[in-house]
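Understanding the architecture of this molecule
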Amino acid sequence: MGRRGKKKGRPISGWVVLDKPVGMGSTEAVSKIKWLFQAEKAGHAGTLDPLASGMLPIALGEATKTVPYVQDGAKIYRFTVAWGQERSTDDLEGPVTKSSDLRPAEAEVRALLPKYTGVIMQTPPQFSAIKIAGERAYDLAREGETVDIPAREIEIGRLDVIEHHADHTVFEIECGKGTYVRSLARDMGRDLGCFGHISELRRVEVEPFTPEDFVTIAELEAARFGTQDEDKPEPADDADAIDVPVDFGAIDALLVDTSAALDCLPQVAISDDAATKIRLGNPVIIRGRDAPVEAEEACATARGKLVAIGAIEQGMFKPKRVFAG
């Protein structure tokens with residue numbers, strides 16, 4: 001007998017802008033969303049620690065091709081630094097490694113902000129996904145090793161104090177790719193001489209998405225099953241398996257269109273005939289008074305639907321990555 005083929009899921013595409021709850025890992029969240037949509041393919045744009053909550057953009061299907069554009073987008077976090085203790089993980093998960101009875105005044109905290117604004121050098125946490133000699137830093141840290149992680153350049157657009165209390169301060173930060181908020185808490189605590197760690201962290205925005213795009217697991221489950229009670233089924237071990245036929249209309253309506261991730265690129269409207277040529281990998285002449293003459297990257301759309309990402313050279317659109325119609 002021939003081996004039975006594995007069911008791969010639906011070819012559904014779009015973005016789920018998940019409001020990830022505390023306690024759920026990013027990989028677990030992707031698996032849950034993939035199962036709820038019975039999607040063929042899924043991936044996320046930027047890891048969010050289990051102890052953190054907030055925006056985790058998850059791409060389904062063709063949207064996975066646009067993940068790098070979301071990963072490169074600016075991010076906004078709201079976070080709380082607890083003063084008086086430094087921890088091995090720079091958050092609540094790890095044991096205390098240093099402590100102090102000192103507590104900073106609000107004026108001292110505010111005076112420190114300019115040092116951490118703009119382009120700065122930052123050393124990632126010991127417990128991070130940075131690779132050291134081919135191994136993840138957090139794997140080495142769990143084995144008790146202290147590794148030398150080189151500092152790297154990051155950019156912080158703004159850093160504001162939202163609330164200040166005797167033993168903790170609430171901040172909001174807008175930052176670029178590669179910024180570790182846990183490292184920020186560690187370094188500020190050392191500068192203030194009182195030590196510090198993250199006690200609460202929430203990602204509020206990931207450009208180009210906003211809080212208006214948020215959807216929760218409960219809302220997705222209600223759309224999929226028509227209920228939020230305990231009678232809903234649990235995910236199978238095989239997240240790709242198709243279960244009982246179901247109407248996906250309600251849950252699919254919660255997706256953000258794939259093209260939303262490409263708002264940062266010049267947009268070029270093309271005809272249906274041009275779209276067909278582009279999907280076959282052929283360049284086309286760009287017409288129209290407002291069409292750009294040159295662009296390293298641009299987005300071609302037909303009838304409002306994403307067709308391809310490509311370069312515009314001498315008035316021609318040359319596709320680099322095409323999307324299914």
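Reading guide: rules and limits
Residues numbered from 1 in each chain as written. Predicted model: local features only at pLDDT ≥ 70, side-chain atom pairs only at ≥ 80, totals over all residues. Heavy atoms only, no water. Helix = DSSP H or I, 4+ residues; strand = E, 2+ residues; numbered from the N terminus. Buried < 20%, exposed > 50% of the residue type's maximum accessible area, 1.4 Å probe, protein only. Contact = heavy atoms within 4.5 Å. Pairing = 2+ DSSP bridges. Axes fitted to C-alpha atoms, helices over the stretch in contact; angles between N-to-C directions. Expected span 1.5 Å × (residues − 1). Salt bridge = Lys/Arg side-chain N within 4 Å of Asp/Glu carboxyl O.

**What about the overall build of the protein?**
If you tally the helices and strands in the protein, you get eight helices and 17 strands. Taking all 325 residues of the protein together, 46% fall into the buried category. By sequence separation, contacts in the protein at least 24 residues apart represent 71% of the contacts at least 6 residues apart.

**A short note on the sheet that holds strand β13 (residues 267-269)**
Read from one edge of the open sheet, five strands run β13-β15-β16-β17-β14, paired in mixed fashion. Edge positions in the sheet fall to β13 and β14 (284-285), since each of these pairs with one other strand and no more. Here β13 runs beside strand β15 (residues 295-302); their pairing, made up of three bridges, is parallel. The residue of β15 that forms the bridge with A269 is T301. Those strands touched by helix α8 (residues 272-279) are β14, β15, β16 (305-313) and β17 (316-322), and its axis lies near 75° from that of β16.

**Quick look at helix α1 (residues 26-37)**
Residue pairs spaced three or four apart in an α-helix point in one direction, given the helix's 3.6 residues per turn. Between the first and last C-alpha of α1 there are 17 Å, a value that for 12 residues agrees with the 16 Å anticipated at 1.5 Å per step. Inspection of α1 places S26, A29, V30, K32, I33, K34, W35, L36 and F37 among the buried residues, and these make up the whole buried set. Within two residues after α1, Q38 carries a phi angle of roughly 50°, on the positive side.

**Here we look at the pattern of salt bridges**
What the rule picks out here adds up to 18 salt bridges. In this structure, R190 engages E86 in a salt bridge whose closest nitrogen and oxygen atoms are separated by 2.7 Å. Taken together, the residues span a long stretch of sequence, with R190 in helix α5 (residues 181-192) and E86 in strand β5 (residues 85-87) at a distance of 104 residues. Residue classification places R190 among the partly exposed residues on the basis of a relative accessible area of 41%. Classification of E86 as buried rests on a relative accessible area of 4%. As a salt-bridge pair, D90 and R186 come within 4.0 Å of each other at their nearest N and O atoms. One end of the pair, D90, is in the loop between β5 and β6 (96-99); the other, R186, is in helix α5, and 96 residues separate them in sequence.

Just distances and angles here, no functional claims.
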